[in-house]
Amino acid sequence: MILTAAAAAGAAAIGLFLVVTAQAGTATSKAPIEQLSLMSRQQTEADHLPAFISAGTEVGDLVAADTTRRLGSSGASTYWSGVDAKGRLCLITVIGDQEADFVAGASCAEASDFTGKGVGLQVAGPPGASEAYLLPDGVPAAQLGDGYTVVSPNLVLSDPAAEAADPRSVTGTSGTFTLSDLSPTAAR
């Protein structure tokens, strides 16, 4: 679990709250690049974390800079995937786009856990709140049903303040995928 905040103008730090859960899943021996094909494409400028996140923060230092790939954005939140030094797939959320006012978080899952459950992350702080799920390739995200917004084939969002829905299972190209909502968090 990682959380980073920028100092507010003056010298006061911004108070932040973060709830993070890496979900367990079915065993597999696939490497991260085999579970998330977007990791195999060449990194573009948009795939890099913002400069105020990339170096010297816990979130930026968690993943190798050459492994980040932009998944998409919604409102003030932008999402990336990456691979950490242990070879785990990570979901990174940054809310806000200025060094003086942002909140960021990351959550990672072992490759053996990622196939069946993905990785979920809630981030909340003064700029806003987000609940996001990184999905492996081949999961029919649109079939997860009400309560989820598909941002890209590998990223769905849920309302971080909504009551957790019952786990939802769908059949994808790698077998059964079960998404279990994280517990609600209050937006700060």
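About the thresholds
Residues numbered from 1 in each chain as written. Predicted model: local features only at pLDDT ≥ 70, side-chain atom pairs only at ≥ 80, totals over all residues. Heavy atoms only, no water. Salt bridge = Lys/Arg side-chain N within 4 Å of Asp/Glu carboxyl O. Buried < 20%, exposed > 50% of the residue type's maximum accessible area, 1.4 Å probe, protein only. Helix = DSSP H or I, 4+ residues; strand = E, 2+ residues; numbered from the N terminus. Pairing = 2+ DSSP bridges. Phe/Tyr/Trp six-rings, centres within 6.5 Å; stacked < 30°, edge-to-face > 60°. Contact = heavy atoms within 4.5 Å. Core = buried A, V, L, I, M, F, W, Y, C linked by side-chain atoms within 4.5 Å.

**A closer look at the pattern of salt bridges**
Within this structure, the stated rule accounts for two salt bridges. Residue Asp47 is joined to Arg41 by a salt bridge in which the shortest nitrogen-to-oxygen separation is 2.6 Å. Arg41 gets classed as partly exposed once you look at its relative accessible area, which sits at 33%. With a shortest N-O distance of 2.6 Å, Arg88 and Asp84 are connected by a salt bridge. Its relative accessible area of 7% is what places Asp84 among the buried residues.

**Some thoughts on the pairing of strand 8 (residues 128–134)**
Of all seven residues in strand 8, six are buried; the element is thus mostly enclosed. As paired strands, strand 7 (residues 119–125) and strand 8 are joined by seven bridges and run antiparallel to one another. Bridging across to strand 8, Val123 finds its partner in Ser130. Adjacent in sequence and paired antiparallel, strand 7 and strand 8 are bridged by two residues.

**A few points about the packing of aromatic side chains**
Per the counting criterion, the structure on display carries two aromatic pairs. Both rings, one in Phe52 and one in Phe102, keep their centres 4.8 Å apart while their planes meet at 50°; by these two values the pair is tilted. Within this pair, whereas Phe52 is found in helix 2 (residues 51–54), its partner Phe102 is found in strand 6 (residues 101–109), the two being separated by 50 residues in sequence. Aromatic side chains Tyr133 and Tyr148 sit 6.3 Å apart centroid to centroid with 75° between the ring planes, which places their arrangement in the edge-to-face category. Here Tyr133 is found in strand 8, whereas its partner Tyr148 is found in the loop between strand 8 and strand 9 (149–152), with 15 residues between them in sequence. A single burial state applies to Tyr133 and to Tyr148, both of which are buried.

**Structural notes on the pairing of strand 5 (residues 89–98)**
Burial analysis of strand 5 places eight of its 10 residues in the buried class, which makes it a mostly covered element. Bridge analysis of strand 4 (residues 77–83) against strand 5 gives seven bridges, and the strand direction is antiparallel. Note that in strand 5 the partner of Trp80 across the bridge is Ile92. The hairpin formed by strand 4 and strand 5 contains five residues between the paired strands, and Gly87 there has a positive phi angle of roughly 85°. Pairing geometry for strand 5 and strand 6, over eight bridges, is antiparallel. Following the sheet pairing, Thr93 is matched in strand 6 by Gly105. Connecting strand 5 to the antiparallel partner strand 6 that follows it, the hairpin turn spans two residues.

**Here's the deal with the environment of Ala164**
Structurally, Ala164 can be placed in the loop between strand 10 (155–158) and strand 11 (168–172). Placed 18 residues apart in sequence, Ala164 and Leu182 show a C-alpha to C-alpha distance of 6.3 Å. Contacts of Ala164, omitting those with residues within four sequence positions, involve Asp181, Leu182 and Pro184.

**Observations concerning the environment of Asp47**
Structurally, Asp47 is set in the loop between helix 1 (32–35) and helix 2. In this structure Asp47 comes out as buried when scored by relative accessible area, which is 2%. On a C-alpha basis, the gap between Asp47 and Ser81 in space is 9.0 Å, while along the polypeptide they are 34 residues apart. Asp47 has contacts with Arg41, Gln42, Thr68, Arg69, Arg70 and Trp80, leaving out every residue within four places of it along the chain.

**Some details on the nonpolar core**
Residues Leu36, Leu71, Leu91, Leu134 and Leu155 are the most contacted members of the largest nonpolar core, which totals 19 residues. If we skip the residues at most four places from it in the chain, Leu155 touches Leu71, Tyr79, Leu91, Ala132, Tyr133, Thr149 and Val150. The next biggest cluster of nonpolar side chains, apart from the first, holds 14 residues, and it includes Cys90, Ile92, Phe102 and Cys108.

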